[in-house]
Amino acid sequence: MSKSEIKLYYKNVMADVIGDEHGITALQLEDLGDRTSPLIARLNKERKAGKTPYRDLPYRTETAGRVKELVAEVKDGCEILVVLGIGGSALGNIAVQTALNPYMYNLDESQRDGPKMFVFDNVDPAQFASFLNWAGDKLDKTIFNVISKSGRTAETASQLMIIRELLGPDRFHKQVVATTDTEKGTLRAIADDADLQTLEVPDGVGGRFTVLSAVGLFSAAMCGIDIDALLAGAADMDKRVSREDFVENPAAINAAINHHFYNRGKRNSVIMPYSYALKDMADWYRQLWAESLGKKLDLNGREVRVGPTPIKALGTTDQHSQVQLYREGPNDKLFTFLQVEDFDNDRTIGPAPDCAAELEFLAGKNLSTLLNDEKRATEYALLHDERPCLTVLFDQVNEYTAGQFIYFFEVTTSLVGALFNINPYDQPAVELGKEATFALMGRTGDYKPECSYEQFADKIRAKTDVDQGYLA
Ligand code: PA5
């Protein structure tokens, strides 16, 4: 496995390349460094004071040990692994699996070192029913990893209740691994009651920052991913993103550039991997960015309503779908490409048919060359229209570089939060929708001291029932 460092390439946001109107001048960059360096120091202090425990996940060897122990216990005979979870309890698992296992992992036994893996981070009835119909007798050989900090998330709880009924008490006990809070919460109560095997959702770490804990590590290790290398990559990135010298710290540079462009009206942040393996990292990043940075209040309680909108795209697919807008539409986006030098597998393009001599220029070239040339071509086209572009360069996609990438973006997020002077670790706006679902689904009792769940449900219906007068 190559142990190379991932790198942030930022020349193509500079005024030298895209002009003064849209680019950053050397003086501005210096100024960004002056403003960001003290925040790196502040984050380092907060981390030392135990305020950001996600920063220490790469070093929790006891967690990796417990995960491996449990994998050794349940993997044998397990043909299917199902993860039940949502948001921070699923997106990291999906991202790691897509990044580090082959595309045909589930379909081709020779390409996998573990069970088939499915993540249900939705309650779409057709999807779940189709899986259960397919699984049939194979459910006997399935391990369900239910992941929920609270255990009261309606989606995950409902799936768990379906599985519990299907499996019956004995198999529920044997086939379910619960990843949850060590002490409190509904899933902890269920796990204790059924004497389930459990793993820990670490204290004080919000779901979207948990992928390097047991939340992400168990499914990864079950599917043959080297979790030690993943954590080693993150730990090595930790050293780089803790440096208080701005120019030596890739997360600080990334954060400062993102924050700067937001303040210059580029409020959309497009992440565009040129690697299918990294496609779901873009999804993971989208939640990390949106829930962490989209905030109404700053740390002084002032209403600020900030937050860049994260947009995921995939190269080259979205060249044929989005680039028209990206080039000719409003110049309100910062682009971050993910580029891979060396693909694990490659293919050489065959000769052109005699009747299509105009395709001969492609013959004999590797697909990786085409993919990376398309990235450069798109970047060039965007630069032509003065659009700022960053690139994260991967030598290879492997456990070590994926671990670096995850940690790099987590710390970038903390730093952008510090630049906005907001709290990136809470998500107060998600609660209302969760509570409204409970009310509509018939929860009873007090929603608030002055309002029962029944009254709350009436309020919601009054606003959301279809009014026939407005149907077109
Ligand atoms: O990032 C977050 O905190 C959220 O996305 C949660 O992970 C998500 O809402 C699921 O919550 P829970 O783990 O309590 O089921």
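Residues numbered from 1 in each chain as written. Predicted model: local features only at pLDDT ≥ 70, side-chain atom pairs only at ≥ 80, totals over all residues. Heavy atoms only, no water.

Here's the deal with the overall build of the protein
Basically, it comes down to this: Labels follow the DSSP assignment, with helices taken as runs of H or I lasting at least four residues and strands as runs of E lasting at least two, numbered in each case from the N terminus. Only C-alpha atoms enter the radius of gyration, while the globule expectation follows 2.2 Å times N to the 0.38, with N the number of residues. Only protein chains enter the calculation, and the probe is 1.4 Å; a residue is then buried if its accessible area is under 20% of its type maximum, exposed if over 50%, and partly exposed in between. Contacts are residue-level and defined by heavy atoms, with any inter-residue pair within 4.5 Å sufficient. Here the open area of atoms and residues is found with the Shrake-Rupley method and a 1.4 Å probe, where only the protein chains shown may cover a residue.
Within the protein, the secondary structure is distributed over 16 helices and 14 strands. Its C-alpha atoms give the protein a radius of gyration of 24 Å, near enough to 23 Å, the size a compact globule of 472 residues would have. Considered along the principal axes of its C-alpha atoms, the protein spans approximately 65 × 60 × 60 Å. Counting all 472 residues of the protein, 51% fall into the buried class. Here the analysis covers contacts within the protein between residues at least 6 apart in sequence; of these, 75% occur between residues at least 24 apart. Roughly 22400 Å² of accessible area belongs to the protein as shown, and the carbon and sulfur atoms make up 51% of that amount.

Quick notes on the sheet that holds strand β7 (residues 268-274)
Inclusion rule: Whether two strands pair depends on DSSP finding at least two bridges between them. Orientation is described by lines fitted to C-alpha atoms, with helices fitted over the stretch in contact, and by angles between N-to-C directions that extend from 0 to 180 degrees.
Reading across from one edge, β1-β12-β11-β7-β10 is the order of the five strands in this open sheet, with mixed pairing throughout. Both edges of this open sheet fall to β1 (7-9) and β10 (309-312), since each of them pairs with a single strand only. Looking at each pair of strands side by side, their axes are set apart by 20° on average, direction ignored. Of the pairings in the sheet, the one linking strand β11 (residues 333-340) to strand β12 (residues 389-394) comprises six bridges and is parallel in character. Within β12, the position partnered with phenylalanine 335 by the bridge is cysteine 389. Contacting β7 and β10, helix α11 (residues 279-293) runs over the sheet at an angle of about 170° to β10.

Digging into the site of the ligand
How we decide: It suffices for a single heavy atom of a residue to lie within 4 Å of a molecule or strand for the residue to be listed as near it. Polar contacts here mean pairs of N or O atoms no more than 3.5 Å apart (in protein, one a potential hydrogen donor and the other a potential acceptor; neighbouring residues in sequence count only if both atoms are side-chain atoms). Residue polarity follows a fixed list, in which Ala, Val, Leu, Ile, Met, Phe, Trp, Tyr, Cys and Pro are nonpolar, Asp, Glu, Lys and Arg are charged, and the others, Gly among them, are polar.
With respect to spatial proximity, 14 residues lie near the ligand, and among them Ser148, Lys149, Ser150, Thr153 and Gln287 are the closest. Between the ligand and serine 148, the relevant distance is 2.5 Å, taken from an oxygen atom to a side-chain nitrogen or oxygen of the residue. Lysine 149 places a polar main-chain atom, nitrogen or oxygen, 2.8 Å from an oxygen atom of the ligand. Compared with its free state, where it exposes 380 Å², the ligand has 89% of that area covered by protein. The residue inventory of the shell around the ligand, partitioned by class, reads one nonpolar, nine polar and four charged.

A look at the domain arrangement of the protein
The test is simple: All the domain ranges listed were derived from an automatic or database domain assignment. Buried area is calculated as the accessible area (1.4 Å probe) missing from two parts once they are joined, with the contributions of both summed.
Here the protein is partitioned into domain 1 (6-49 + 229-420), domain 2 (55-225) and domain 3 (430-464). Centre-to-centre, using C-alpha coordinates, domain 1 lies 30 Å away from domain 2. At the interface, 30 residues of domain 1 touch 23 residues of domain 2. Of the roughly 2400 Å² buried between domain 1 and domain 2, counting both surfaces, carbon and sulfur atoms make up 65%.

Points about the nonpolar core
Worth spelling out the cut-off: The definition of a nonpolar core used throughout is a set of buried Ala, Val, Leu, Ile, Met, Phe, Trp, Tyr and Cys residues joined through side-chain atoms within 4.5 Å.
Among the nonpolar cores identified, the biggest contains 90 residues, and Phe218, Trp284, Phe405 and Phe409 are the most heavily contacted of them. With twelve residues, helix α14 (residues 399-420) is the largest single contributor of residues to this core. Lining this core are residues from two domains, each supplying at least three of them: domain 1 (6-49 + 229-420) and domain 2 (55-225). What phenylalanine 218 contacts, discounting residues up to four positions off in sequence, is Val67, Leu70, Val71, Val74, Leu81, Asn145, Val177 and Leu199. Counting residues in each nonpolar core, the second largest holds 21 residues, with Phe128, Phe144, Val176 and Ala178 among its members.

Some words on the side chain of glutamine 287
If you trace the backbone, glutamine 287 turns up in helix α11. A relative accessible area of 12% places glutamine 287 in the buried class. Discounting chain neighbours no more than four positions away, the residues touching glutamine 287 are Gly87, Gly88, Leu91, Arg208 and Ser292.

Here we look at the pattern of salt bridges
As a reminder, the rule being used: Think of a salt bridge as a Lys or Arg side-chain nitrogen and an Asp or Glu carboxyl oxygen that are within 4 Å of each other.
The full count for this structure, using the stated rule, is 30 salt bridges. For arginine 55, the salt bridge identified is with aspartate 238, shortest N-O distance 3.1 Å. Residue arginine 55 is located in the loop between α2 (26-48) and α3 (61-74), and its partner aspartate 238 is located in helix α9 (residues 227-241); the two are separated by 183 residues in the primary sequence. Here arginine 55 and aspartate 238 have matching classes, each one buried. Of the charged contacts, one joins arginine 152 and glutamate 435 as a salt bridge, the two residues approaching to 3.1 Å between their closest N and O atoms. Separated by 283 residues along the polypeptide, arginine 152 in the loop between β4 (142-147) and α6 (154-175) and glutamate 435 in helix α15 (residues 428-440) bring together distant segments of the chain.

So, a nonpolar patch on the surface
Our working rule: Residues form patches when they are more than 30% accessible in relative terms and have no salt bridge. Like charges link within 9 Å. Nonpolar side chains (Val, Leu, Ile, Met, Phe, Trp, Tyr) link within 5 Å.
A surface patch of nonpolar side chains, about 490 Å² in accessible area, is lined by Tyr103, Met104, Leu107 and Tyr276. Relative to the helices and strands, leucine 107 is located in the loop between α4 (91-100) and β3 (116-120). Judged by relative accessible area, which is 69%, leucine 107 ranks as exposed.

Some details on the packing of aromatic side chains
What counts is decided by this rule: The criterion for an aromatic pair is that two Phe, Tyr or Trp rings (for Trp, the six-membered ring) have centres within 6.5 Å, with stacked assigned to planes under 30 degrees apart, edge-to-face to planes over 60 apart and tilted to the rest. By the criterion adopted, a ring carries a charge over it if an Arg CZ or a Lys NZ lies within 6 Å of its centre and within 35 degrees of its normal.
In total, this model carries 22 aromatic pairs according to the counting rule given. With centroids separated by 5.1 Å and ring planes inclined at 75°, the aromatic side chains of phenylalanine 120 and phenylalanine 128 adopt a geometry described as edge-to-face. A residue is classified by how much of its surface remains accessible, and phenylalanine 120, at 4% relative accessible area, is buried. Each residue in the set Trp284, Tyr285, Trp289, Phe394, Phe405, Phe408 and Phe409 is aromatic and connected to the rest through ring pairs, giving one cluster. A cation over an aromatic ring shows up here: lysine 138 above the ring of tryptophan 134, its NZ or CZ 4.4 Å from the ring centre. Its guanidinium or amino end placed over the ring of tyrosine 262, arginine 267 lies 4.3 Å from that ring's centre, counting from NZ or CZ.

Let's talk about the sheet that holds β4
Spatially, β3-β2-β4-β5-β6 is the arrangement adopted by the five strands of the open sheet, whose pairing is parallel. Strands with a single pairing partner mark the edges of an open sheet, and in this sheet they are β3 and β6 (197-200). Recorded for the sheet is a direction-independent mean angle of 20° between the axes of neighbouring strands. The pairing of strand β2 (residues 80-84) with β4 spans five bridges and is parallel. Within β4, the residue paired with isoleucine 80 across the bridge is threonine 142. Sitting on the sheet, α3 is in contact with β4, β5 (176-180) and β6, with an inclination near 155° to β6. Here α6 sits on the sheet in contact with β2, β3, β4 and β5, set at roughly 135° to β4.

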